[in-house]
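Fold and contact review
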Amino acid sequence: MSIPDVAPDRSGADAASLYRTVRTIRRFEETVEELTAANEIPGTVHLYIGEEAVAAGVCAALRREDLITSTHRGHGHVIAKGAALGPMLAELMGRTNGLNHGRGGSMHVADLSLGVLGANGIVAGGIPFALGATWAAAQDGDNRVAAAFFGDGGLAQGLLHECMNWAALWQLPVIFVCEDNGYAVSLPASASAAGSPIARAESYGIAAEEVDGMDAEQVHAAASAAVERARAGDGPSYLHMKTYRFRGHHLGEAVLKLAYRTDEEIARWQQRDPALILASRIEPAVQVAIDEEVEKELTAAIEYARTGPLPDPRTATDYAYASGLRPRKGS
Amino acid sequence: MARVRYIEALSRALRDEMTADPRVVVLGEDVRQSLRRITFNLAMEFGEHRVIDTPLAEQAATGFATGAALLGWRPVLEFQVPSLLYVAFDQVINQAQKLSIMTGGQAKVPVTYIFPGSGARLGLAGQHSDHPYAILAQAGVKTVVPATPADAYALFRTAIRDDDPVAVFAPAALLGSREEVGDEIAPVPLGSARVHRAGTDVTLVAIGHLVPTARAVADRIAPSISVEVFDPRSIYPFDWDALRASVAKTGRLVVADDTGKTIGLAAEIIATIVEEIRLRATPRRVTRADVAVPFAPVLERAVLPQEEAILAAIIEVAGEAAAA
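I will try to describe carefully the structure that is included in this document. (Residues numbered from 1 in each chain as written. Chains lettered and ligands numbered in written order. Predicted model: local features only at pLDDT ≥ 70, side-chain atom pairs only at ≥ 80, totals over all residues. Heavy atoms only, no water.)

This part is about the packing of helix H5 (residues 127–139) of chain A against helix H3 (residues 58–70) of chain B. One way to put it is that H5(A) packs onto H3(B) with a least axis distance of 6 Å and a crossing angle of 50 degrees. It follows from the interaxial angle that H5(A) and H3(B) lie oblique. When you trace H5(A) past H3(B), the crossing you get is right-handed. Together, Pro128(A), Phe129(A), Leu131(A), Gly132(A), Ala133(A), Trp135(A) and Ala136(A) of H5(A) and Ala60(B), Gly63(B), Phe64(B), Thr66(B), Gly67(B), Ala68(B) and Leu70(B) of H3(B) make up the contact between the two elements. Split into classes, the residues belonging to the contact of H5(A) with H3(B) amount to ten nonpolar, four polar and no charged. (Axes fitted to C-alpha atoms, helices over the stretch in contact; angles between N-to-C directions. Helix = DSSP H or I, 4+ residues; strand = E, 2+ residues; numbered from the N terminus. Parallel < 35°, antiparallel > 145°, perpendicular 65-115°, else oblique. Left-handed = near helix turned anticlockwise from the far one by under 90°. Contact = heavy atoms within 4.5 Å. Nonpolar A, V, L, I, M, F, W, Y, C, P; charged D, E, K, R; others polar.)

The next point concerns the nonpolar core. Counting 90 residues, the largest nonpolar core has Phe176(A) and Tyr238(A) as its most contacted members. Core analysis: the second largest hydrophobic core is formed by 59 residues, Phe156(B), Val168(B), Val181(B) and Ala214(B) among them. (Core = buried A, V, L, I, M, F, W, Y, C linked by side-chain atoms within 4.5 Å. Buried < 20%, exposed > 50% of the residue type's maximum accessible area, 1.4 Å probe, protein only.)

With that settled, the discussion passes to unusual backbone geometry. Looking along the chain, the bond that leaves Ala222(B) and enters Pro223(B) is cis, with omega of 0 degrees. Cis rather than trans, the peptide bond between Tyr236(B) and Pro237(B) has omega equal to -5 degrees. Within the secondary structure layout, Pro237(B) lies in the loop between strand E12 (234–236) and helix H10 (240–250). Positive phi outside glycine occurs at Lys257(A), with the angle close to 55 degrees. Note that Lys257(A) resides in the loop between helix H9 (253–256) and helix H10 (263–270). Here Lys257(A) falls in the exposed class, since its relative accessible area comes to 69%. With phi around 60 degrees, Ser34(B) is a residue other than glycine that occupies positive phi space.

Residues lying three or four places apart along an α-helix face the same way, a consequence of the helix completing one turn every 3.6 residues. Residue and element names in this part refer to chain A. Between its terminal C-alpha atoms helix H8 (residues 216–231) stretches 21 Å, which fits the 22 Å expected from 16 residues at 1.5 Å a residue. The complete set of buried residues in H8 reads Ala216, Val219, His220, Ala222, Ala223, Ala226, Val227, Ala230 and Arg231. Among the structural elements, helix H1 (15–37), helix H2 (52–60), strand E3 (174–180), strand E6 (207–212), strand E7 (237–242) and helix H11 (274–279) are those in contact with the buried residues of H8. The distance from a side-chain oxygen at the start of H8 to the backbone nitrogen of Glu217 is 3.0 Å, and the residue carrying that oxygen is Asp215. (Expected span 1.5 Å × (residues − 1). Polar contact = N/O pair within 3.5 Å; in protein donor to acceptor, adjacent residues only side chain to side chain.)

Take the sheet that holds strand E2 (residues 146–151) of chain A next. Residues and elements named next belong to chain A. Judged by pairing direction, the sheet is parallel, and its five strands sit side by side in the order E1-E2-E3-E7-E6 without closing on themselves. Bordering the open sheet on either side are strand E1 (67–69) and E6, each of which pairs with just one other strand. Each adjacent strand pair in this sheet contributes to an overall mean axis angle of 20 degrees, direction not counted. Pairing between E6 and E7: six bridges, direction parallel. Opposite Ala208, over in E7, you have Tyr238 as the bridge partner. (Pairing = 2+ DSSP bridges.)

All names here are of chain A. In the structure shown here, the tally under the stated rule is 43 salt bridges over all chains. Salt-bridge contacts for Arg314 lead to Asp312; the nearest nitrogen and oxygen are separated by 2.7 Å. One salt bridge connects Arg326 with Asp318, and the closest N-O pair in it is separated by 2.8 Å. It is possible to trace a salt-bridge network through shared partners that takes in Arg23, Arg27, Glu30, Asp291 and Glu295. (Salt bridge = Lys/Arg side-chain N within 4 Å of Asp/Glu carboxyl O.)

Turning to the layout of surface pockets, a few remarks are in order. Residue and element names in this part refer to chain B. Estimated volume of the largest pocket: approximately 750 Å³. Forming the boundary of the largest pocket are 35 residues, of which Ala134, Ile135, Gln138, Ile263 and Leu265 lie nearest the centre. Residue assignment for the lining of the largest pocket shows that the elements contributing at least two residues are helix H7 (133–138), E12, strand E13 (253–260) and helix H11 (265–276). The element best represented in the lining of the largest pocket is H7, accounting for five residues. Looking at the lining of the largest pocket residue by residue, the classes come out as 20 nonpolar, eight polar and seven charged. Here the lining of the second largest pocket is built from residues that sort into seven nonpolar, six polar and five charged. (1 Å grid on protein atoms, 1.4 Å probe; cavity = no way out; pocket = protein on both sides within 12 Å on 5 of 7 lines; lining within 4 Å. Points joined across faces, edges and corners; volume = space filled by probe spheres on them.)

What follows is about empty space enclosed by the protein. Residue and element names in this part refer to chain A. For the structure shown, the criterion picks out three cavities of 30 Å³ or more. Of the volumes computed, that of the largest cavity is approximately 70 Å³. In terms of lining residues, the largest cavity is bounded by 14 residues, among which Thr71, Ile122, Val123, Ala124 and Phe149 are the most central. In terms of residue count, E2 provides more of the lining of the largest cavity than any other element does, three residues in total. The class makeup of the residues in the lining of the largest cavity is six nonpolar, eight polar and no charged.

What follows covers the interface of chain A and chain B. Taken together, the contact between chain A and chain B spans 42 residues of the former and 45 residues of the latter. Buried surface at the junction of chain A and chain B, both sides included, amounts to about 3,500 Å², of which 64% is carbon and sulfur. Our enumeration of links across chain A and chain B arrives at two salt bridges. The interface formed by chain A and chain B contains 18 residue pairs in polar contact (both at pLDDT 80 or more). Taken together, the elements giving at least two residues each to the side of chain A that touches chain B come down to H5 and helix H6 (158–170) of chain A. Top element by residues in the side of chain A that touches chain B is H5(A). It accounts for nine residues. Looking at the side of chain A that touches chain B residue by residue, the classes come out as 25 nonpolar, ten polar and seven charged. (Buried area = accessible area lost by both parts, 1.4 Å probe.)

Structural measurements only, silent on function.
See below:
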């Protein structure tokens, strides 16, 4: 019997453990897709389906006390870093038993106790937190590493380059993880970033590598080398993950009928589904057992989220200030 | 007792907080050399790990401060020029300011943004003459504009100790001002106004460097018109209770503020009061023109709120009541 607000250990890095994390994210996202369509999740969501190997492989290379900054497509990162599915889903459903008590939702889901410094609704917006946080940890004598996730669209943001420059200057233990899923919404990656992102990182003196982002074991190997460099004081790394999202930019995309990519292209990438790649490396019986465990965890999470109380409207301005200051009301 | 300059008061506040709390660090551009003089000698006293020169990357520096704050540090980030806030705007109002509510109270961001040399200072023109405090207040960022050295000392310390982002604006026109202060300066909480001069006919709200101007106006017009000089000190949170009490007594209101008129702080102050209190005369505001500060000194003066305009507003408001 799984306990909905306690996550199972997701720190293993063998194929079976990585498969479990990938499968967990996949099934979570499929559930989120259904619950959004059924209006049980308000707003929209940016699904991570197809990209799960990146979060699984990178986070398996991190310790619990290590840090991540995430993106608008952040569910996978937060789960891989160790969040329990119940409070994750409850947050997406705007419940008080959600990770952020229903104040953040999909784009701001965070669990600071797991070193998750937040998903972020602004492209590249969370990356500088990784600099200050790793610097602060080092001042405290803690050798904590941070992985800063962003997409190929983030390569065009000036803030990313401010951060890569700074992290290289100070040799900060930050791993810049570019999830190149081919498109910034509808803009092809080739129209986002000029030249070579790898060469760009190297020009800052940052160790850089292109990685098959569909293969969680390759992701893990590259991330582990980067973590080792960071932990040894050898500074930041840049990992360019070639990956693909199987769904639209967000769930509204299906309604808009955008036509920036073909069904053939999607089908081609789906042949390299990160779950299938890992499944081919483990015993079928092991896979079946993991799948069953994941379903149990998910069922418990749905129950936990659905039975969570909705917030009282009178608490709408709670948490606005850490000091407890009450903001002025609108009427 | 000693005569202390405003800028020295800020420096002393920072030194005292760095002494009291080893997790207070100051970051900014040229802070080790102390171009702005707030961090004068601090690198020598506390070491370069607590007085940190950043690259010229205001967005990254603001986010860096947020990240350090999330790990329990108390960074003070100096913006060498107030309008550099615009470069870092997302990181202030959309990240640091919102993290507490967005995370459901998990995140605390005890960062202080210090803006030395806010506002026009004769000849710095369009991009170096703004006071972006009203914009921050509209975004709900705790924002103070101390008008005296003692208040600068006290409010800077309060800001550093606060668990939320707080912006401290030090008006350029006041940095050289002096005041007799004792060895101990009483703390001042956020959201606490100060009446510099009591009066019975008109409440004159003045912000920052317009406080001494307002006092001069009150001196000139006394005793024919008795002006109460009201300094909010804190723009957000604002001490509405104290302003209500003042206006309930005088029944007349003039607001002098050196930021833009349109959708501005003066409009907000007047709107809040007239929603609640029936005034005896139409309120007036004296603000900066809705324009970038032009370079030539005669033009700069023409767009900034001046003593004569404040005096004229007082006479008009008091006169209208007298005629009624």
